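Each chain is listed here by its residues.
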Amino acid sequence: MDLVEGGTEDLPVVLTEISVENVALIEEATLELSPGLNAITGETGAGKTLLATALQMLLGGRARSESVRSGASRATIQGTFALPEDVESRMLGDALGELAEEVDVDEDLFLRRTLTGEGRSRCFVGGVAVPVRALASLGERLVSYHSQREQARLTEPAEQLAILDDFLPEEAKKAKEERASLWHAVERDRRELVELQSSSEVRLREVDFLRFQVQEIEESGYTAEEVVDLTRDRDRLRNVTDLLQSASAASAALSSEEGSAIEAVARAAGELENAVRHDGSLSTLMERLGGLSAELEDVLYELRTYLDELEADPNRLETVEDRLAALRALERKYGENVEEYLEESRNRLSRLENFEQETTGLETRITEGEGRLGELAARITEGRERASERLSEKVRENLADLNLGKTTFRAELIEVEPGPSGVERVEFVIQPNPGEPELAVRRYASGGELSRIMLAIRLSQERVEPGATYVFDEVDAGIGGETATAVGAKLRELGERNQILTITHLPQIASEAGSHIVVTKEESEGRTITRIRRVEGEERRRELARMLSGRVDDASLAHAAELMVGGG
């Protein structure tokens, strides 16, 4: 396969193999794919799109539980990609972040996704489990997917602007990023200024209210620590009788004249002291009893101190409960975190009391920001004018290759209200034939020509990762004859630098492919299944014959042979 000239970043991503198990009508299929143009054909309803759907799921697309084949517990899709070495590390890093360091890639990148009948999905890159969002981010870099449904997005203003901005010079791209960030900052300042400039009466009322709240909390001396301490004091005072009884009983047990714990331990220690004279191994136990005796003496001392300080004081209990009730009332009024509320209120009050200083600062920032926004908008506009010329020229070249040489295309800039991305939008405009009026692409209704126009625009895009695999899902609808031959030639040309998978019903396109895959539907053991296989030689000629006339006979086989000679 010929490659375009340039560095390794121009080398293509190649999907070398995809394996599908229990996805809809596909029971099991493993397909080897080639670099260049791969055509996927088959009867209507055979399930051609199932392969593309499975690939989308593998690359992080939406997965529905209904996709799991009836009677199976799970569906599995696996794919192997060959990537240029330097592109591989950068691509994985951009898509997976820190997870990229865990991915073990030898020669190929291996992806796997499973989906259960309950809708649970698991994704793996190089054997490492990753979130579906990360897999989708990687998928966007590996494959650029285009279908009739996707084509509709090309009529949306936001998508058209995104396509145009892919062609922006580097300086204009940086200006666009800076403007978006600055725009949101200036908008925040504007909202804050409006809030500050609300009627003076409202502001003064808020100042008075905030002063009252700050003063009330400050004078209360509220602290969360005091609430905890008072709660503990209240519980002790409420249960002082039980505490006195329990602490006294504990003290008596330790120091009673008859059978006290301390005396019993002391006696045991004395006995062991005598025994040690005859068996030194008891010295450790004797030392432990000595330590225990000292510890009991210390506990007794602290218990007596506690009893001396513990007294039933109804007045103290009333004081504690009144103080605690006042603090709890503040919590009900200002929330559980009264101290945080106080800090926020002080800050808000300070800003409102320094109203003129605040507004002057905001007005200055807004004025400076608006000036900078204008400078950035001018740079973006200049970049878009240059980008419009580049995009229009590329699309016109592609249209000529697709048998639409008389159709003109231009990306027209239209002034709009200023926004984060600039002061203009873009409208893709075509003139189908000389002398006819120009039409916006979104208003164009000719199906066959629209498909080619969309294809020409997509082929001009530069947003996809260099060398990404393209998947075209029946984007050739509504065309035939000489035009189909031109589209096939264009896809083959693109296949010289990118791997292409195209699902097509046109023999002229299929004949240009270096690899031809046929999808068929059949019954097996009372169930319908979809089979996918690669065809060559006579099998391929018979498939092209079927596509040409709907039947296989001498005439269609002869025509198919001619196509094979002229194409792939």
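Since the structure is predicted, the reported quantities are computational estimates derived from the model, not experimental observations.

Student: Got a minute to help me understand the overall build of the protein chain in this structure?
Tutor: The secondary structure content of the protein chain amounts to 19 helices and 15 strands. Relative to its length of 568 residues, the protein chain is extended, with a C-alpha radius of gyration of 40 Å against a globular reference of 24 Å. With the C-alpha coordinates of the protein chain rotated into their principal frame, the extents come out at 125 × 80 × 45 Å. Just so you have it, the protein chain exposes about 30,100 Å², and 46% of that area is on carbon and sulfur atoms. Of the side-chain charges in the protein chain, 69 are positive and 113 negative, and the distance between the mean point of each set is 7 Å.

Student: Mind showing me how you'd approach the pattern of salt bridges here?
Tutor: Side chains that carry opposite charge are capable of pairing whenever their charged atoms lie near each other. One pass over the full model with this rule turns up 31 salt bridges. The partner of Arg384 in a salt bridge is Glu424, with the nearest N and O atoms 2.7 Å apart. Residue Arg384 is found in helix H14 (residues 355–401), and its partner Glu424 is found in strand S10 (residues 422–431); the two are separated by 40 residues along the sequence. As far as burial versus exposure is concerned, Arg384 and Glu424 are alike and both buried. Each of Asp165, Lys176, Arg384 and Glu424 takes part in a single network of salt bridges with overlapping partners.

Student: What's the story with H14 in this structure? I'm lost.
Tutor: A turn of α-helix holds 3.6 residues, and therefore any two residues three or four places apart point the same way. Its 47 residues place the ends of H14 66 Å apart at the C-alpha level, agreeing with the 69 Å of an ideal helix rising 1.5 Å per residue. Taken from the residues just after H14, Asn403 is the one with a positive phi, measuring 65°.

Student: Whenever I open this one, a negative patch on the surface confuses me. Can you help?
Tutor: Together, Glu382, Glu385, Glu389, Glu393 and Glu397 line one region of the surface with negative charge. Topologically, Glu389 is positioned in helix H14.

Student: Looking at this structure, I do not really get the packing of aromatic side chains. What am I missing?
Tutor: Remark: the centre distance and the inter-plane angle together describe each pair of aromatic rings, the angle taken between the planes. This model, assessed by the stated rule, comprises three aromatic pairs. On the numbers, 5.0 Å between centres and 35° between planes, the contact of Tyr334 with Tyr341 is tilted. A residue is classified by how much of its surface remains accessible, and Tyr341, at 25% relative accessible area, is partly exposed. Consider the rings of Tyr470 and Phe472, whose centres lie 5.8 Å apart with planes at 10°: the pair is stacked. Here Tyr470 falls in the buried class, since its relative accessible area comes to 3%. Positioned above the aromatic ring of Phe124, the side-chain terminus of Arg112 is 4.2 Å from the ring centre. The positively charged end of Arg190 is found above the aromatic ring belonging to Trp183, 5.9 Å away from the centroid.

Student: Hey, could you run me through the side chain of Thr504 in this one?
Tutor: The residue Thr504 is located in the loop between strand S13 (500–503) and helix H17 (507–510) in this model. The class of Thr504 is buried, set by a relative accessible area of 0%. Of note is the side chain of Thr504, whose polar atom sits 3.0 Å from the backbone nitrogen of Leu506. When neighbours within four sequence positions are excluded, Thr504 is seen to be in contact with Ile40, Thr41, Lys48, Asp476, Ile509, Ala510 and Met547.

Student: I keep staring at helix H16 (residues 481–494) and nothing clicks. Help me out?
Tutor: Look at H16: 20 Å from first C-alpha to last across 14 residues, which is about the 20 Å you get at 1.5 Å a residue. Looking only at H16, the buried set comprises Thr483, Ala484, Ala486, Val487, Gly488, Lys490, Leu491 and Leu494.

Student: Just to check I follow, could you spell out the nonpolar core for this structure?
Tutor: What tends to happen in soluble globular proteins is that the nonpolar side chains get buried as a cluster. Residues Phe81, Leu109, Leu111, Val125, Leu138 and Leu142 are the most contacted members of the largest nonpolar core, which totals 49 residues. If we ignore the near neighbours within four places in the chain, the residues touching Phe81 are Val13, Val14, Leu15, Thr16, Leu59, Asp108, Leu109, Leu111, Leu142 and Val143. One finds Leu391, Leu399, Ile453 and Ala513 within the second-largest nonpolar core, a separate group that totals 46 residues.

Student: Is there a simple way to think about the sheet that holds S10 in this case?
Tutor: Adjacent strands of a sheet form backbone hydrogen bonds with each other and so pair up, either parallel or antiparallel. Ordered by their spatial adjacency, three strands build an open sheet running S9-S10-S11, and the pairing between neighbours is antiparallel. Bordering the open sheet on either side are strand S9 (408–419) and strand S11 (439–440), each of which pairs with just one other strand. In this structure, S9 lies alongside S10, joined through nine bridges in antiparallel fashion. Bridge pairing in S10 links Ile414 to Arg425.

Student: So what exactly am I meant to see when it comes to the environment of Arg533 here?
Tutor: Its place among the elements puts Arg533 in strand S15 (residues 527–535). Of note is the side chain of Arg533, whose polar atom sits 3.2 Å from the side chain of Glu539.

Student: Can you walk me through the pairing of strand S4 (residues 74–82) in this structure?
Tutor: When a strand is regular, its side chains alternate between the sheet's two faces. One ladder, built from seven bridges, connects strand S1 (residues 14–23) with S4; its direction is antiparallel. Its bridge partner lying in S4, Val20 is registered against Ile77. The sheet contact formed by S4 and strand S5 (residues 108–116) spans nine bridges and is antiparallel. From the neighbouring strand, Ile77 faces S5, where its bridge partner is Arg113.

Student: It is not clear to me how unusual backbone geometry should be interpreted in this structure. Could you clarify?
Tutor: For residues that are not glycine, phi is negative in most cases, and the peptide bond is trans in most cases. Even without a glycine there, the phi angle at Ala24 is positive, about 50°. Among the structural elements, Ala24 can be located in the loop between S1 and strand S2 (26–32). We note that Asn403 has phi near 65°; this positive angle belongs to a residue other than glycine. With respect to the helices and strands, the residue Asn403 is situated in the loop between H14 and S9. Owing to a relative accessible area of 35%, Asn403 belongs among the partly exposed residues under this scheme.

About the cut-offs
- Residues numbered from 1 in each chain as written.
- Predicted model: local features only at pLDDT ≥ 70, side-chain atom pairs only at ≥ 80, totals over all residues.
- Heavy atoms only, no water.
- Helix = DSSP H or I, 4+ residues; strand = E, 2+ residues; numbered from the N terminus.
- Rg over C-alpha atoms; globule rule 2.2 N^0.38 Å.
- Areas by Shrake-Rupley, 256 points an atom, 1.4 Å probe, with all protein chains shown as cover.
- Lys, Arg positive; Asp, Glu negative; His and termini not counted.
- Charge placed at Lys NZ, Arg CZ, Asp CG, Glu CD.
- Salt bridge = Lys/Arg side-chain N within 4 Å of Asp/Glu carboxyl O.
- Buried < 20%, exposed > 50% of the residue type's maximum accessible area, 1.4 Å probe, protein only.
- Expected span 1.5 Å × (residues − 1).
- Patch = residues over 30% accessible without salt bridge, like charges linked within 9 Å, V, L, I, M, F, W, Y side chains within 5 Å.
- Phe/Tyr/Trp six-rings, centres within 6.5 Å; stacked < 30°, edge-to-face > 60°.
- Lys NZ or Arg CZ within 6 Å of the ring centre and 35° of its normal.
- Polar contact = N/O pair within 3.5 Å; in protein donor to acceptor, adjacent residues only side chain to side chain.
- Contact = heavy atoms within 4.5 Å.
- Core = buried A, V, L, I, M, F, W, Y, C linked by side-chain atoms within 4.5 Å.
- Pairing = 2+ DSSP bridges.

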